[in-house]
Structure formats: C-alpha cells, structure tokens
Amino acid sequence: MNFKIDKFVIAIIIVVLFAYFFPNAGKDLPLNTIGSIGVSLIFFFYGLKLSPEKIKAGLKNWKLHLLVQATTFLIFPLIVLCFYPWVNETNKTLWLGFLFLAALPSTVSSSVVMVSIAKGNITAAIFNASISGLIGVLVTPIWMGLFLNSNTPDYSLVAVYKNLFLEILAPVILGLFLHRFLGSFAIKHKNYLTLFDKSVILLIIYKSFSKSFSDGIFNGLGLPMLASVFIIAVLLFFTIYFLIGFISKQLQFNEEDKITAQFCGTKKSLVHGTVFSKILFQNASFLGIILLPVMLFHAFQILTISVIAAKKAKNKI
C-alpha cells in the first residue's frame, strides 16, 4: 500500500518552522484584519456550496445523524472532561487544548472524500459534515466558556457569539441565500476555494505560533511532552473510532452507515479550530499550545482514515 503524506500537513510544518525562525516577519502587515476578512470569505463560500436540497434529503437517516453529532459534540468532550480532576497549573493549557479539540465540529471535505473512497453513505456524510459546522458555531464556545469564564477575566461569551455571528454565521447565511445564483460557480471552482481556505488557515497558524514563540510559551515544552500530546491524540482517536463501531453494531447499522459514522464522528476540523481559536482566545500568547493537539490530531486522522478507507475499498472490489 502506498502512503501519501498530505501536502497541507507538510505546509503546516513549514509554516510553524517559519514562525519559529522568523516570528516578526509579518509585524508590519495587518494580519488580524487580513485574517478576519479571510475567515468571513471562507464561510461565505462554505454557505455557497451548501445545498438546501441535500440537507433536507439527508434528514431521513436520523439515527446515524444523532450518533455522529452526539459523538462530535458530547462524547468527545466528556472523555476529555474525565481527566479534569488531574489538571493543574502546569498542564492546564494543554488540557484546554484537548478540550478545544474535542469540542470542535467535523470537517466537510476530507470526511466526504474518505467516505466516498471507502464506499460509505456519501449523502449522510455530506449532511453530517455540513450541519456539524453550523452546530459547532453554537456548541464549541459553550464548552470552552465553562472553563474560560472562570480563568480568563476578559472572556465574554456574548462578545464571542457576536464575533462568531459577524465573521462566520452571517457569511454562511449570505452564502446559503445566494446558493441558487452562485452555487454552481462555487462548486465549479471548489479547488481554488479550497486553496484559498488553506492559505487563510496557514496565515492564522503563522500568527498564532509566531506570538507563542516570541513570548517563549514553548520553552518548557520538550520532545517528551510533544510525544505525550501525540500519543494522547492517537488514543483519543481510536477510543472514539472503536466506540462508534460498537454503538453502530448495537443500532444494527449496515456497513455503509457504519463507515460514515466512524469517519465523520472521528473527524475534527482544523479549519474551524484555527478560526474559532482566533475568536475565542483572541491574541493570547498560549494560542500555539491550544492549537497543538488540534494539528497533531488532524495529521494523524488524515493518515489513519486514508489507510482505513483504502483497505475498505479494496475489500469491496
């Protein structure tokens, strides 16, 4: 079996290294403004590509949808929450990073592509991945607000929702409204739009890590700690993957629905992660550490699901 390293993962590594060696490269540029405009455009195009007809058609398979969304926004965070009693000042930021990872929505493009390769329920994958992003706008800040309110004096859930509405929800609604006029254009040029999305995400990652490196946040984070974060991310992934498989069996899902549940239910969106972190944590110096579990999980999930999808596709030939 040929292993292909995702080019976006390579790009992320390069950007983080660039931020380490050149943390002040963009100091004369209005990166905050550029990032905010870029985020709004990402979700405007996201709305353009959403088909109301497909969303309506996908509502029928409610057991599958309920399992995926419950896993994404309830089971994932609750597993991380189990370790809260062992949180102290030393590991608190990393734990918040894992909670942030657990509270994020699923990702659209890779979920649908991998389900398609594995011969799963593509319609259900499109529905769940699409609706997950909208639910995440409401649910992710609530999970983080439970712990940021008491620890971050200037954290305001009202202000967070205001920014989420202006930068994310309003552009999505506008995109949905214009879908009938510009939807075909967005779908036709989806590769260019994906490139734009990734460029904005890389910009936000650079800004986040350059500030963290400048403020010395990673000084006490050696290779053993990085390895521990990666191992925890791997264990979290497989715990959710096999748990969904077990529940799918109890619900008597067919193989196509089981594939969709496991692929969509284990995915976490790096796009939403970087965008939400920009709004939830503002310019906090520890933002790089918050994003660390998300990026490591993202890289591992893409590699692992790609291998599983290829294996399932081969078995069905």
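Conventions and cut-offs
- Residues numbered from 1 in each chain as written.
- Predicted model: local features only at pLDDT ≥ 70, side-chain atom pairs only at ≥ 80, totals over all residues.
- Heavy atoms only, no water.
- Salt bridge = Lys/Arg side-chain N within 4 Å of Asp/Glu carboxyl O.
- Helix = DSSP H or I, 4+ residues; strand = E, 2+ residues; numbered from the N terminus.
- Buried < 20%, exposed > 50% of the residue type's maximum accessible area, 1.4 Å probe, protein only.
- Patch = residues over 30% accessible without salt bridge, like charges linked within 9 Å, V, L, I, M, F, W, Y side chains within 5 Å.
- Areas by Shrake-Rupley, 256 points an atom, 1.4 Å probe, with all protein chains shown as cover.
- Expected span 1.5 Å × (residues − 1).
- Contact = heavy atoms within 4.5 Å.

If you look the protein up in an unreviewed UniProt entry, it shows as Bile acid:sodium symporter from Neotamlana sargassicola.

Evaluated as defined, the whole model comprises one salt bridge. Between Lys-312 and Glu-255 there is a salt bridge whose closest N-O contact spans 3.4 Å. Taken together, the positions of Lys-312 in helix α14 (residues 287–315) and Glu-255 in helix α12 (residues 255–266) put the pair 57 residues apart, joining distant regions of the chain. In this structure Lys-312 comes out as buried when scored by relative accessible area, which is 18%. Relative accessible area serves as the criterion here: at 35%, Glu-255 is assigned to the partly exposed category.

Together, Ile-13, Leu-17, Phe-18, Tyr-20, Phe-21 and Phe-22 line one region of the surface with nonpolar side chains, adding up to about 660 Å² of accessible area. Secondary-structure assignment places Phe-21 in helix α1 (residues 7–21).

End to end, helix α2 (residues 31–49) covers 27 Å across 19 residues, agreeing with the expected 27 Å (1.5 Å per residue, within 8%). Residues of α2 that are buried: Leu-31, Gly-35, Gly-38, Val-39, Ile-42, Phe-43, Phe-44, Phe-45, Tyr-46, Gly-47 and Leu-48.

A few words now on the side chain of Thr-72. With respect to the secondary-structure elements, Thr-72 resides in helix α4 (residues 62–81). Using a relative accessible area of 0% as the deciding quantity, one classes Thr-72 as buried. In this structure Thr-72 touches Pro-77, Ala-102, Leu-104, Pro-105, Ser-106, Ser-132, Cys-264, Gly-265 and Lys-268, once residues within four positions along its chain are discounted.

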